[in-house]
Structures are given as C-alpha cells and as structure tokens.
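A closer look at the structure
Chain by chain, the residues:
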Amino acid sequence: MDKFSDFRSDTVTKPTAEMRKAMAEAEVGDDVLGDDPTVNKLEELAAAVTGKEAALFVPSGTMGNSIAVKCWTQELDEVIIEARSHIYNMESTHMTFISRVTPRPLASKRGAMDPEEIEKNIKIPSVHLPRTSLICVENTHNNWGGAVVPLANLKAVKKVADRHEIKIHFDGARIFNASIASGIPVKEYAAVADSLMFCLSKGLAAPVGSMLVGPGDFINYGRRVRKALGGGMRQAGILAAAGIIAITKMADRLKEDHIKAKRLAKSISELQAVKLDPDDVETDIVIFGFKHPEISVSDFLDRLKSKGILALTVPQGIRMVTNKEVDDCDVERAIAAFQEILS
Ligand SMILES: *Cc1c(COP(=O)(O)O)cnc(C)c1O
C-alpha cells in the first residue's frame, strides 16, 4: 500500500503551505522573557477571539488543562468532571500528580451533565469532605463522538457554579468545531467558563500548540506554572506563526470535515456490523460499535489497513475522524473498503 487514508485522529494533520511559509518568515524573540512578537500576537488574537482578558500559548492541550486545574484549585480539593471527558480519562493522574486534587466524575447525556446532579455533588468542606473548587466541561465532546454540548446546558451549569462560587474550566480542544457546527460564536461558549483551552494542533492543522485563555491574573500565574512544568519555550514564534493561521484561516473550513464525517456515518451505518446512529455524528468524529460473527474489531482494523484505511480502537468500538488537511483523507475510499470487507 503506497498511500494510506488516515482516519485515526484530527491530530495527524500536516501544516499547510501557508503555515510553512509563515513559520519560515516569523519574527521571533525569547518568549520566556516576553520578547517574541509573534507569540504575543497569537496570545492577543486568542484572547480577542474568545472574549477573555489574556491568553497563554502552551505546548499541548494537556498542559493547558493541567495549568488551569492547578491555578483554580488547592491541594485536598475535588473537581467535578464529566465521566467520559478527556481530562478524567486521559489526564486525571496529571490532576493528582500536579495539583493533588481528585476528580468526581458524573454521568452525562452526550457530554451534557445534569446541573442538578452537579449541585448535589458540590461539597461543603469539613473534616471529612473535600472542598469542590472547580467544574470541568468539554465541547465538542471527544469520547461522545464529537457531540456538541448545548449552550443552554453550559449556561445552566454556570448558574450552579456561580451560586456556589465555583470556577469552570472549559476543555475546548475542538471549540471551533462546536462553533462551526452550532453557528454559536466561540465567545458565547467561552463566556460560560472562567478559563478555556483550545487546540491549534487538531483540525486547525497547526503542528504544535494550544491556547489557554482567562482572566489576566489567572494567566499571569499560569505562565509561572507553565515554566514550572517545563513549558517555557524560547523562539516559539516559529510555532505561533502557524497558530495565527490556524485561528484566522482554518476554522471556517471545518464544516467540510463535518460534511465528510456525516457522509461516512450515513453509509457505514447501513452495514449490519456497524452500530451507529448517523444523527449522532455532529462534527468531525465518528465513533461506532462493531459486532460481526466472524470478524473481531482488531481483525477489522487490520483488514481496513490492508485496503489503505487507518482507524483507531476506542472503548466504544472504532473511531474515525475526518480532516481535509490529512493526506488523502478519502471518505469514498473508506466507504468502499467497509463494503468490500463486510458484504
Ligand atoms: C486532544 C485533546 C486534549 C489534549 O490535547 P494534546 O494537545 O493532545 O495534549 C484535551 N482534551 C481533549 C478533548 C482532546 O481531544
């Protein structure tokens, strides 16, 4: 097989030609000293787009989330979090390792936690009980197949948080996908949270980096935490140059990825082995169950691979993500491979 169509993730994107050029020409300085004009420009842009006071360029979404948890909590605190969320499933050990707090996972409807359930789980600290200091939300929701969490739900969560003077951190790794799919500006989502992280390096196709946004004093402290975690970068303007293009030029075209994901979902959901309601596919992620009398999930992935299609196993079954900035992300080829293997 000379060329794969890679549906494993929207992190396998490559920087566009325009990004490469901007990276080569970027004006740079030592960002740890605050001297990198391109990083400063990216941070100002991220703050403006999200309607927050300040922003911090971080090497990864994981570090952005870790810094937020560290800034909003104290040791012995508890953090309310959605049970399938990235922070709970992939980063909860970071939470205990870096911030010495514990997660309190709550079930949800496609990523939307019940505000009443949240309120019941907010603790009045005592000698027996931790203090609840933070609620984490995620949108779009990765493990719920890229579901768009309704703004009304997030607003209701904010009401509860405000009533109890608890902060909200928004894992918006794919906030631009949520915005494009719902037509709701990123700013309106950001307004329901005290801080928000979004990734430049997923569907927006930048090679490295994420943004953490929030109040000025939060970002000032976050900058110190970033340095403590080893995330201080020097001439990072080379990376920030791609990030600026990610935000200004790449967000609008995410709708093409959503159309592709829907097309893929509709076709493969007609196959008996595929357990999927295509109506659940709202953005770029397609997650489906797989049940076949003779073919296991891993056999199926091997067979797809032999036909040039790469996909990933997840606890719910199989995950496929569409993105135009991936070499040869060919949905029709994927559909044909499914049909050949399964019929
Ligand atoms: C990818 C992702 C992250 C982490 O981002 P990295 O840059 O891979 O560290 C956090 N949250 C969600 C929802 C993600 O999909």
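Residues numbered from 1 in each chain as written. Predicted model: local features only at pLDDT ≥ 70, side-chain atom pairs only at ≥ 80, totals over all residues. Heavy atoms only, no water.

1. Here's the deal with the site of the ligand
The full set close to the ligand counts 14 residues, and Gly 61, Thr 62, Asp 171, Arg 174 and Lys 202 are the nearest of them. Here Gly 61 contributes a backbone N or O atom positioned 2.8 Å from an oxygen atom of the ligand. Burial of the ligand by the protein amounts to 85% of the accessible area it has alone, namely 380 Å². Every element with two or more residues in the shell around the ligand is listed here: α3 (61-72), α4 (86-99) and β7 (195-199). For the shell around the ligand, the element with the highest residue contribution is α3, accounting for three residues. Residues belonging to the shell around the ligand are distributed by class as follows: three nonpolar, six polar and five charged. (Near = heavy atom within 4 Å. Polar contact = N/O pair within 3.5 Å; in protein donor to acceptor, adjacent residues only side chain to side chain. Areas by Shrake-Rupley, 256 points an atom, 1.4 Å probe, with all protein chains shown as cover. Helix = DSSP H or I, 4+ residues; strand = E, 2+ residues; numbered from the N terminus. Nonpolar A, V, L, I, M, F, W, Y, C, P; charged D, E, K, R; others polar.)

2. Structural notes on α4
Under the 1.5 Å per step criterion, the end-to-end length of α4 is only 17 Å for 14 residues, more than 12% shorter than the ideal 20 Å. Largest kink in α4: about 65 degrees, centred on Ser 92. When we look at burial in α4, the residues that qualify are His 86, Ile 87, Glu 91, Ser 92, Met 95 and Ser 99. Turning to α4, the residues buried within the fold contact α3, β3 (77-82), β4 (102-106), β5 (131-138) and β6 (167-171). Looking one or two residues past α4, Arg 100 carries a phi angle of roughly 55 degrees, positive in sign. (Expected span 1.5 Å × (residues − 1). Bend = angle between axes of the 7 residues up to and from the residue. Buried < 20%, exposed > 50% of the residue type's maximum accessible area, 1.4 Å probe, protein only. Contact = heavy atoms within 4.5 Å.)

3. Focus: the pattern of salt bridges
Using the criterion set out here, one finds 20 salt bridges in the structure. A salt bridge links Arg 174 to Asp 10; its shortest N-O distance comes to 2.7 Å. Linking Arg 174 in the loop between β6 and α7 (175-182) with Asp 10 in the loop between β1 (5-6) and α1 (17-25), this pair joins segments that are 164 residues apart in sequence. In this structure Asp 10 comes out as buried when scored by relative accessible area, which is 0%. Among the ionic contacts, a cluster of salt bridges with common partners joins Glu 78, Arg 104 and Lys 123. (Salt bridge = Lys/Arg side-chain N within 4 Å of Asp/Glu carboxyl O.)

4. Digging into the sheet that holds strand β13 (residues 317-321)
Reading across from one edge, β9-β10-β13-β12 is the order of the four strands in this open sheet, with antiparallel pairing throughout. Strand pairing shows two members of the sheet lacking a second neighbour, β9 (274-275) and β12 (312-314), which therefore form its edges. In terms of strand pairing, β9 meets strand β10 (residues 285-290) through two bridges, oriented antiparallel. Paired with Lys 275 across the bridge in β10 is Gly 289. Each of β9, β10 and β13 is contacted by helix α11 (residues 254-268), which is oriented at about 15 degrees to β10, the strand it contacts most. (Pairing = 2+ DSSP bridges. Axes fitted to C-alpha atoms, helices over the stretch in contact; angles between N-to-C directions.)

5. Details of the domain arrangement of the chain
Here the domain parsing of the chain yields domain 1 (5-12 + 253-342) and domain 2 (17-251). Taking the mean C-alpha position of each, domain 1 and domain 2 sit 28 Å from one another. Contacts between the two partners involve 16 residues from domain 1, matched on the other side by 21 residues from domain 2. Summing both sides of the interface, domain 1 and domain 2 together bury roughly 1600 Å²; the carbon and sulfur share of this comes to 48%. On the domain 1 side of the contact with domain 2, Asp 10, Leu 254 and Glu 282 bury the most area, a combined 33% of that side's loss. Counting across the interface, domain 1 meets domain 2 through three salt bridges. (Domains from an automatic or database assignment. Buried area = accessible area lost by both parts, 1.4 Å probe.)

6. Details of the nonpolar core
Residues Ile 135 and Phe 198 are the most contacted members of the largest nonpolar core, which totals 53 residues. Broken down by element, this core gets its largest block of residues, six residues, from helix α10 (residues 237-249). Non-local contacts of Ile 135, meaning those with residues more than four positions away in its chain, are made with Ile 80, Met 113, Ile 118, Val 157, Ala 161, Ile 166, Lys 167, Ile 168 and His 169. Core analysis: the second largest hydrophobic core is formed by 30 residues, Val 274, Ile 318, Val 326 and Phe 338 among them. (Core = buried A, V, L, I, M, F, W, Y, C linked by side-chain atoms within 4.5 Å.)

7. Some details on the packing of aromatic side chains
Within this structure, the stated rule accounts for six aromatic pairs. For the ring pair Phe 176 and Phe 198, a centre distance of 5.3 Å and an interplane angle of 75 degrees mean the geometry is edge-to-face. Separated by 22 residues along the polypeptide, Phe 176 in helix α7 and Phe 198 in strand β7 bring together distant segments of the chain. What makes Phe 198 buried here is its relative accessible area of 0%. (Phe/Tyr/Trp six-rings, centres within 6.5 Å; stacked < 30°, edge-to-face > 60°.)

8. Remarks on the packing of helix α2 (residues 37-50) against α10
Axes are the key here: two packed helices are described by the angle between their axes and the distance separating the axes. Interaxial distance between α2 and α10 falls to 8 Å at its minimum, and their mutual angle equals 30 degrees. In terms of orientation, α2 and α10 fall into the roughly parallel class. For α2 against α10, the interelement crossing comes out left-handed. Along the contact surface, α2 presents Thr 38, Val 39, Lys 41, Leu 42, Leu 45, Ala 46 and Val 49, while α10 presents Gly 237, Ala 240, Ala 241, Gly 243, Ile 244, Ile 247 and Thr 248. (Parallel < 35°, antiparallel > 145°, perpendicular 65-115°, else oblique. Left-handed = near helix turned anticlockwise from the far one by under 90°.)

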